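Fold and geometry: a report
Residues per chain are reported as follows:
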Amino acid sequence: MKPGEVDARWLAQLRAGSDMPPLRPRVPLLATALGGAVIGSVEPGFLAQIVPPRLADGRKALEPATGVRQRGWLLHGDVTQSLALVALALREAGLAHAWRDEQLAVPDAHGERAGTVERAVIRVLGITTHAVHLVGQAPDGRIWVQQRSFAKSNDPGLWDTLMGGMVSAADSLQTALERETWEEAGLVLSSLQDVVWGGRITTRRPAADGGGAGYVIEHIDWYRSTVPEGVVPVNQDGEVERFALVDRRQLAAGLQQGEFTAEAALILCDAL
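Here is a short report on the structure shown in this document. Quick caveat, the model's predicted, so the values are computed rather than measured.

Glancing now at unusual backbone geometry. One non-glycine residue, D101, lies in the positive phi region at around 50°. By the secondary structure assignment, D101 is in the loop between α2 (79-92) and β5 (103-107). For D155, which is not glycine, the phi dihedral falls at a positive 50°.

Printed below as a string of structure tokens:
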């Protein structure tokens, strides 16, 4: 947003809230199959609440690290297969978020894919995620925004960018952008004008998952575009309550009144 359109103190608080430490100390989740690479983090006693799942050969898929120099949890075996067992155990213990049957990529500390995991346990395991957003402007300068469905498990009823969604394990950034734009807004990306990458923000903050044991680390790539005159977004997947076309004054007021998700507010303040 341009200087003066939003309060500087509010903007500073918004940005500070997007980069917060965990509520409580966390220890690393280490993949032994990758030489002990860090793939996430957990609260020290969190995984002790589940019955340790076992691999096909009888070994434990998960156990606490016992070395003098290293605290944490060791994940044995193939990363994807072992995380699937852990996810099911967390689900049975009532410690998983809303189950989606959707796999997200699990990166190591260098951003290389180490495996995949069910989306419902990504926060309690402190695994870094990737999302994509699209900011849509009308030719007259007004901005398209969506209200999230009241049935959504995260931020129900809050306002968002024209489109925002996770990059699944099956997606590239481009295919996620195309798929989510259609599913959420019923728009074919090629029908929009001036679609360009706008930037990346990274959020780090505590999450309510697992009784407050979750932690978000998420990279969000956002794009801007112009929605041609006469083109109206129509939701396809039932996850959007409605769309609205607002001017900058209305948008600034809604942002500062807490009507938008934190991610959307960060993006829109950078984009406009």
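Attention shifts here to helix α1 (residues 8-17). Among all positions of α1, only W10, L11 and L14 are buried. For α1, the angular spread of the buried residues around the axis is 100°, confining them to a single face. In α1, the exposed positions angled more than 90 degrees off the buried face are occupied by A8, R9 and Q13. In this fold, the buried residues of α1 make contact with α5 (248-256) and α6 (262-271). Capping of α1 at its N-terminal end is provided by D7; its side-chain oxygen lies 3.0 Å from the backbone amide nitrogen of R9.

Turning to its location among the elements, G214 is positioned in strand β12 (residues 214-226). Residue classification places G214 among the buried positions, given a relative accessible area of 4%. Linking G214 and I122, residues 92 residues apart in sequence, is a C-alpha distance of 8.3 Å. Look past the residues within four positions of G214 in its chain and what remains in contact with it is R26, R123, V124, P206, A207 and D209.

Let us now look at the nonpolar core. A general feature of soluble globular proteins is that nonpolar side chains tend to end up buried together. Membership of the largest hydrophobic core comes to 56 residues, with the highest contact counts inside it found for I39, L47, L83, L90, L125, L251 and L255. Looking at this core, the element that brings in the most residues is α6, giving seven residues. Apart from residues no more than four positions distant in its own chain, L47 is found in contact with V42, L62, W73, V86, L90 and L125. Grouped together as the second largest cluster of nonpolar side chains are 17 residues, A138, M163, V167 and A176 included.

Here we take up the sheet that holds strand β1 (residues 27-31). Strand order in this open sheet of four strands is β2-β1-β4-β3, and the pairing throughout is mixed. Two strands bound the open sheet, and with one partner strand each, they are β2 (37-42) and β3 (62-64). Between one strand axis and the next, the sheet turns by 30° as a mean value, whatever way the strands run. In the packing of α2 onto the sheet, the strands contacted are β1, β2, β3 and β4 (73-75), and the crossing angle to β4 comes to about 120°.

Turning our eyes to something else, we now look at helix α3 (residues 173-185). The terminal C-alpha atoms of α3, which comprises 13 residues, lie 17 Å apart, in line with the 18 Å expected from a rise of 1.5 Å per residue. Taken residue by residue, α3 has A176, L177, E180, T181, E184 and A185 as its buried positions. For α3, the angular spread of the buried residues around the axis is 125°, confining them to a single face. Packing partners of the buried residues in α3 comprise β7 (129-137), β8 (143-148), β10 (163-166), β12 and β13 (240-246). Among the residues trailing α3, G186 stands out with phi positive, at a value near 65°.

This model, assessed by the stated rule, comprises 17 salt bridges. Ionic pairing is found between R59 and D57, a salt bridge with its closest N-O pair at 2.8 Å. Salt bridges sharing common partners tie together R100, E102, R119, K152 and E239.

So, about the pairing of β8. With six of its six residues buried, β8 lies for the most part within the structure. The side-chain alternation of β8 yields two buried faces, one formed by I143, V145 and Q147 and the other by W144, Q146 and R148. In this sheet, β8 lies alongside β7 in antiparallel orientation, the contact comprising two bridges. Looking at β8, one finds that Q137 is bridged to I143. Counting the residues that bridge the hairpin from β7 to β8 gives five residues, and of these G141 lies at a positive phi of roughly 95°.

What counts, and at which threshold
- Residues numbered from 1 in each chain as written.
- Predicted model: local features only at pLDDT ≥ 70, side-chain atom pairs only at ≥ 80, totals over all residues.
- Heavy atoms only, no water.
- Helix = DSSP H or I, 4+ residues; strand = E, 2+ residues; numbered from the N terminus.
- Buried < 20%, exposed > 50% of the residue type's maximum accessible area, 1.4 Å probe, protein only.
- Arc of directions from axis to C-beta.
- Contact = heavy atoms within 4.5 Å.
- Polar contact = N/O pair within 3.5 Å; in protein donor to acceptor, adjacent residues only side chain to side chain.
- Core = buried A, V, L, I, M, F, W, Y, C linked by side-chain atoms within 4.5 Å.
- Pairing = 2+ DSSP bridges.
- Axes fitted to C-alpha atoms, helices over the stretch in contact; angles between N-to-C directions.
- Expected span 1.5 Å × (residues − 1).
- Salt bridge = Lys/Arg side-chain N within 4 Å of Asp/Glu carboxyl O.

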